[in-house]
Amino acid sequence: MPAVQETIDQVRSIDVDQYKYGFETVVEMEKAPKGLSEDVIRFISAKKGEPEWMLQWRLDAYKRWLTMQEPDWARVSYDKIDYNDIYYYAAPKKNQAPKSLDEVDPEILRTYEKLGIPLREQEILAGVEPERRVAVDAVFDSVSVATTFKAELAKAGVIFMPISEAIREYPDLVRQYLGTVVPVTDNFFATLNSAVFTDGSFVYIPPGVRCPMELSTYFRINEKNTGQFERTLIIADKGSYVSYLEGCTAPKRDENQLHAAVVELIALDDAEIKYSTVQNWYPGDAEGRGGIYNFVTKRGDCRGRNSVITWTQVETGSAITWKYPSCILRGDNSRGEFYSIAVSNGMQQVDSGTKMIHLGKNTTSRIISKGIAAGKSENTYRGLVSAHRKATGARNFTNCDSLLIGNECGAHTVPYIESKNATAVFEHEATTSKISEDQMFYCQQRGLSDEEATALIVNGFVKDVLQQLPMEFAVEAQKLISISLEGSVG
Amino acid sequence: MAEIKLMKTPAETGLAQAYETVKTTLPGDAQSRAQAFELFTKNGLPHRRVEEFKYTDLRALMREAAPFAGTPSADEAKAALQDTKALSGVKAIQVPFVNGHFVRDAVDLGGLPEGVEIVPLAEALASGHEWLAKLSPVSWANQNPVYQLNTTFMADGVMLRISGEVDTLIHLRFVTASASAVATATRVLVLVEDGASVTLLESHESTDGANHQPNDVVEMIAGDRTNVRHVRLNAEGDKALALSTLALKVGAEAEFFSLNVVAGAATSRHQVFGVLNGENTKVRINGTTMLKGGQHADSTLVVEHAAPHCESRELFKTVIDGEATGVFQGKIIVPHHAQKTDGRMMSAALLLSDGGTMNNKPELEIFADDVQCAHGATCGQLDEDLMFYLMARGLPKKEAESLMVQAFLGEAIEFVDNQDVHDALVNVLEGWLRARA
């Protein structure tokens, strides 16, 4: 079955030429010299006022990176990146350690206003109090420009600050966890990130604390010829809970820009981390000029017993996406979940999916992935589910569907399912025939047409995925809710 | 960032030496062999960093290259065939190969039933037979290193042409009989004319205790409105490293069925490369694999829907005992124009022991927007509830297990419509279960 009209319209409304966040902010910037060298790394480290061990860590990563080769196994193609033609550090000049929002360049504040990101706490409080409040860390190119609700979070014992600040203020905590989920040597882009990362968020939730509000980081690439290399580290100590959301946009430009981030999540005993992404980087124009290369390593470590990590992503942006948010299910009874909707348009290329690595006993994982390809785009789901020898009682359920609109695009599924334990039960399916005849009959009996009934049932299912997103940011994703997946192919 | 150059392994060096030794004696066009070997040498034996061989690292699994077997004498061939058992209860025209060479004395080439023609390949290669132009029907199979090796070294085989409805079964019997390890490269080309139908059997046997290295390729061009049933049994010896390829091109409104049963070899890899080249064709490719001890078996499958309105069904069942490793890699490709394609691929694995491993990779590559493609993969142990149910009715544990394994594997064998063949395969299955108990 081909896609229904409603779906086509919905996808069209977020097509590449409809990109709304493509404006540019003109502020005076301070940059590191172009290119990558030990000196640039020393420059970044000095700018951040880092301790010696951090600089050494970066330099070791850089040395390692020089010996590595760019991976080419993903189903994406692009011209070779000249790593010496990129600025690795760019920060607004007036942003030399602002004490409050008043010291931040008003141009930047206006930018976030335009993007609809609340940076002023009182503004949120003045109006009708929303159901839930959100603390925001706003990252502009290479630096964090503002972090809201820090004081209120501190009362609960929650640390939420730019990682560069955390390295100075809580060096022991950072040192204990940084690089323990994504090792410095993990892969080409992660190693590059380890050498040159500039900002990102650091979150620590103390034992037994339920984080009193949503945390979020908003990434904005603004400056020309810069790469953004953010690093996020979230630690949920025993019995704690946190929900975190990241959003990202960039101006329209004709050249490609590199975004190579590393996100590490650590959940200790009984802790839960929900990590949601609304990825809306500039996707390039209809001819495939420009756009962000989104080469990201995201990994969560369910280190403690009964811990839970949930990844939810709504992916509509980027010229090329190369990203596999994963869970290492180390603790017994731990759980990993991955919910994804990836929509590709124009000339976009998406190679995304997840890895669920079952190490502990009775670990469970669930993967729900929906890929929608339109225009001339390529949309690939690539996922690994593996059970190691000791993962007795591991369970996985995977469901990945894809939908094509038009016949110039491609949808691909590349799952890897590896089991080394007899008691592990893995199920993988990629069909839309999961709508039961009973459900269809029930709906039709009440006067709904075939299409309406299918839409209703499928939407009910997709909503499950989207409800994983924090309310405040679900708006963007809501547009996709009504996308019917009728006509899906496996 | 310097390119990392891999050292040549002893097996690769051995293959290069073997090629130098035999290249002047091999029949036919030397250029295509040289080309194939050049392609092979460029990349060497595939290893785990080569995506298609991720789970079957031939560089590690093939320690040494066994010498290529010479042509057996008439007595040797006769003796070798006497010892063979695989599918022996099934009445069929026997087309035997011993150590990679067609045993001409065993077949009355002039007295074949109507619609069956057999041409020995070695002679055809030497004389430049016109059917040779039909070799390599699946162009992209040439990129495959296992296939390249067969093209380089193929010494003998047959070309088979089927026209009309052929009721008699044809049994291609591949036997490797030698106390010391030998390598073979046999090639069979099957041409099924428009409207023809046939049932082909393949059995592969080799002597236990020797590290034989057979590499067989069966190629088939099935025309429009053909109906082909193909059953293959791997009953190789316990030390063999068996590589095999089925390259297939099917025309319009045809039906094709293939089943590969793996019961032997230390290491095996069976590759199916299929192209559905005409509209309204139905293809079913099944696999049944039984593994124990340290066995390793790989089923790799690529099906290209090159025409619209075709249907393909793939069902692979794997049972793993001991420390064995099962691999399933399947891929359905649907290009832009292949609208209304209906493809379904399923791989199910049963792990009977704690030491077993199953690797599944069911892949879809879809460019057409009005198609139905599905794939599924499961992996697990025997259902405890069902076991309890059977044991509550007085069945000992082993018997209950056997019953369930039989039911599990039976699903893929069910599709064999010839009763004798079906029964012979069930015998193989039961034999495997008995050996386990």
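Just so it is clear, the structure is predicted and the values come from calculations on it, not from any experiment. (Residues numbered from 1 in each chain as written. Chains lettered and ligands numbered in written order. Predicted model: local features only at pLDDT ≥ 70, side-chain atom pairs only at ≥ 80, totals over all residues.)

**Quick look at the overall build of chain B**
For step 1, the next point in the chain: Helix and strand counts for chain B stand at 9 helices and 19 strands.
For step 2, the next point in the chain: A compact globule built from 437 residues would reach a C-alpha radius of gyration of about 22 Å, and chain B, at 21 Å, matches this within 12%.
For step 3, the next point in the chain: For the C-alpha atoms alone, the extent of chain B along its principal axes is close to 65 × 60 × 45 Å.
For step 4, the next point in the chain: The buried share of chain B, taken over its 437 residues, is 53%.
For step 5, the next point in the chain: If you take every contact in chain B between residues at least 6 apart in sequence, the share linking residues at least 24 apart comes to 84%. (Helix = DSSP H or I, 4+ residues; strand = E, 2+ residues; numbered from the N terminus. Rg over C-alpha atoms; globule rule 2.2 N^0.38 Å. Buried ≥ 20, exposed ≤ 12 C-beta atoms within 10 Å, placed from the backbone. Contact = placed C-beta atoms within 7 Å.)

**Details of the UniProt feature "domain: SUF system FeS cluster assembly SufBD N-terminal" (unreviewed entry) in chain B**
For step 1, the next point in the chain: Per the UniProt record, "domain: SUF system FeS cluster assembly SufBD N-terminal" (unreviewed entry) is found at residues 31-166 of chain B.
For step 2, the next point in the chain: With 31% helix and 15% strand, the stretch residues 31-166 of chain B has end C-alpha atoms that lie 36 Å from each other. (UniProt positions renumbered as here; feature names shortened; annotations may be inferred.)

**Looking at the confidence of the model for chain A**
A low pLDDT means the predicted coordinates there should not be read in detail.
For step 1, the next point in the chain: Here chain A shows a mean pLDDT of 82. Residues at 70 or above account for 83%.
For step 2, the next point in the chain: Taken as a whole, residues 479-490 of chain A scores under 50 in pLDDT and shows 61 contacts with residues more than four places along the chain or in a different chain. (pLDDT = per-residue confidence, 0-100.)

**A few points about the nonpolar core**
For step 1, the next point in the chain: Membership of the largest hydrophobic core comes to 264 residues, with the highest contact counts inside it found for Val203(A), Ala236(A) and Ala267(A).
For step 2, the next point in the chain: Discounting residues that sit within four places of it in the chain, Val203(A) has contacts with Ile159(A), Phe160(A), Leu215(A), Ile234(A), Ile235(A), Val242(A) and Tyr244(A). (Core = buried A, V, L, I, M, F, W, Y, C linked by C-beta atoms within 7 Å.)

**Some words on the UniProt feature "domain: SUF system FeS cluster assembly SufBD N-terminal" (unreviewed entry) in chain A**
For step 1, the next point in the chain: Mapped onto this structure's residue numbering, the UniProt feature "domain: SUF system FeS cluster assembly SufBD N-terminal" (unreviewed entry) falls at residues 150-210 of chain A.
For step 2, the next point in the chain: Here residues 150-210 of chain A runs as 48% helix and 15% strand, with 16 Å between its end C-alpha atoms.

**Focus: the environment of Asp237(A)**
All names here are of chain A.
For step 1, the next point in the chain: Its location among the elements puts Asp237 in the loop between β8 (231-236) and β9 (241-249).
For step 2, the next point in the chain: Each C-alpha atom of the pair Asp237 and Asp269 lies 7.3 Å from the other, and the pair is 32 residues apart in sequence.
For step 3, the next point in the chain: Excluding residues within four positions of it along the chain, Asp237 makes contact with Ile205, Pro206, Pro207, Leu268 and Ala271.

**A closer look at the packing of helix α8 (residues 397-413) of chain B against helix α9 (residues 419-436) of chain B**
Residues and elements named next belong to chain B.
For step 1, the next point in the chain: Two numbers describe how α8 lies on α9: the axes approach to 11 Å, and their chain directions differ by 145 degrees. Crossing of α8 against α9: the hand is right-handed. On α9, the residues that touch Ser402, Val405, Gln406, Leu409 and Ile413 of α8 are His422, Leu425, Val426, Leu429 and Leu433.
For step 2, the next point in the chain: Residue classes in the contact of α8 with α9 are distributed as 7 nonpolar, 3 polar and no charged. (Axes fitted to C-alpha atoms, helices over the stretch in contact; angles between N-to-C directions. Left-handed = near helix turned anticlockwise from the far one by under 90°. Nonpolar A, V, L, I, M, F, W, Y, C, P; charged D, E, K, R; others polar.)

**Digging into the pairing of strand β21 (residues 378-387) of chain A**
Residues and elements named next belong to chain A.
For step 1, the next point in the chain: With 9 of 10 residues buried, β21 is to be regarded as a mostly interior element.
For step 2, the next point in the chain: The pairing of strand β18 (residues 349-352) with β21 spans 4 bridges and is parallel. Residue Ser352 lies in a different strand from β21, and its bridge partner there is Tyr381.
For step 3, the next point in the chain: Judged from the 4 bridges that link them, strand β19 (residues 355-358) and β21 form a sheet pairing that is parallel. Bridging from a neighbouring strand, Lys355 pairs with Leu384 of β21. (Pairing = 2+ DSSP bridges.)

**Things to note about unusual backbone geometry**
Residue and element names in this part refer to chain B.
For step 1, the next point in the chain: Phi angles above zero are rare outside glycine, and Leu87 is one such case at about 55 degrees.
For step 2, the next point in the chain: Along the chain, Leu87 falls in the loop between α4 (74-82) and β1 (93-98).
For step 3, the next point in the chain: Take Leu87: there are 25 C-beta atoms within 10 Å of it, and that puts it in the buried class.
For step 4, the next point in the chain: For Arg225, which is not a glycine, the phi torsion comes out positive at approximately 55 degrees.
For step 5, the next point in the chain: Relative to the helices and strands, Arg225 resides in the loop between β8 (213-222) and β9 (227-235).
For step 6, the next point in the chain: Its 18 C-beta neighbours within 10 Å are what place Arg225 among the partly exposed residues.

**Notes on the packing of helix α2 (residues 30-43) of chain B against helix α6 (residues 145-153) of chain B**
Residues and elements named next belong to chain B.
For step 1, the next point in the chain: Packing of α2 against α6 leaves a shortest axis separation of 8 Å and a crossing angle of 145 degrees. The two elements α2 and α6 meet at a crossing, and its hand is left-handed. Within the contact between the two elements, α2 uses Ser32, Arg33, Ala36, Phe37, Leu39, Phe40 and Asn43 and α6 uses Pro145, Gln148, Leu149, Thr151 and Thr152.
For step 2, the next point in the chain: Taken together, the residues of the contact of α2 with α6 sort by class into 6 nonpolar, 5 polar and 1 charged.

**Here's the deal with α9(B)**
All names here are of chain B.
For step 1, the next point in the chain: Taking 1.5 Å as the rise per residue, α9 with 18 residues should run 26 Å; its terminal C-alpha atoms sit 26 Å apart, in good agreement.
For step 2, the next point in the chain: Along α9, the positions that sit buried rather than exposed are Val421, Ala424, Leu425, Val428, Leu429, Trp432 and Leu433.
For step 3, the next point in the chain: For α9, the elements touching its buried residues are β7 (197-206), β9, β11 (255-262), β13 (282-291) and α8. (Expected span 1.5 Å × (residues − 1).)

**A look at the interface of chain A and chain B**
For step 1, the next point in the chain: With 31 residues of chain A in contact, the opposing surface of chain B contributes 33 residues.
For step 2, the next point in the chain: Looking at the side of chain A that touches chain B, the elements that each hand over two or more residues are β23 (410-419) and β24 (425-430) of chain A.
For step 3, the next point in the chain: Sort the elements by how many residues they give to the side of chain A that touches chain B and β23(A) lands first, with 10 residues.
For step 4, the next point in the chain: Its residues assigned to classes, the side of chain A that touches chain B comprises 16 nonpolar, 11 polar and 4 charged.
For step 5, the next point in the chain: Sheet analysis places β24(A) next to strand β19 (residues 372-380) of chain B, joined by 5 bridges and oriented antiparallel. Bridge pairing in β19(B) links Phe426(A) to Cys379(B).

**Remarks on the confidence of the model for chain B**
For step 1, the next point in the chain: Looking at chain B, the pLDDT average stands at 93 and 99% of residues meet or exceed 70.
For step 2, the next point in the chain: The ipTM value of the predicted complex is 0.88, and its pTM value is 0.87.

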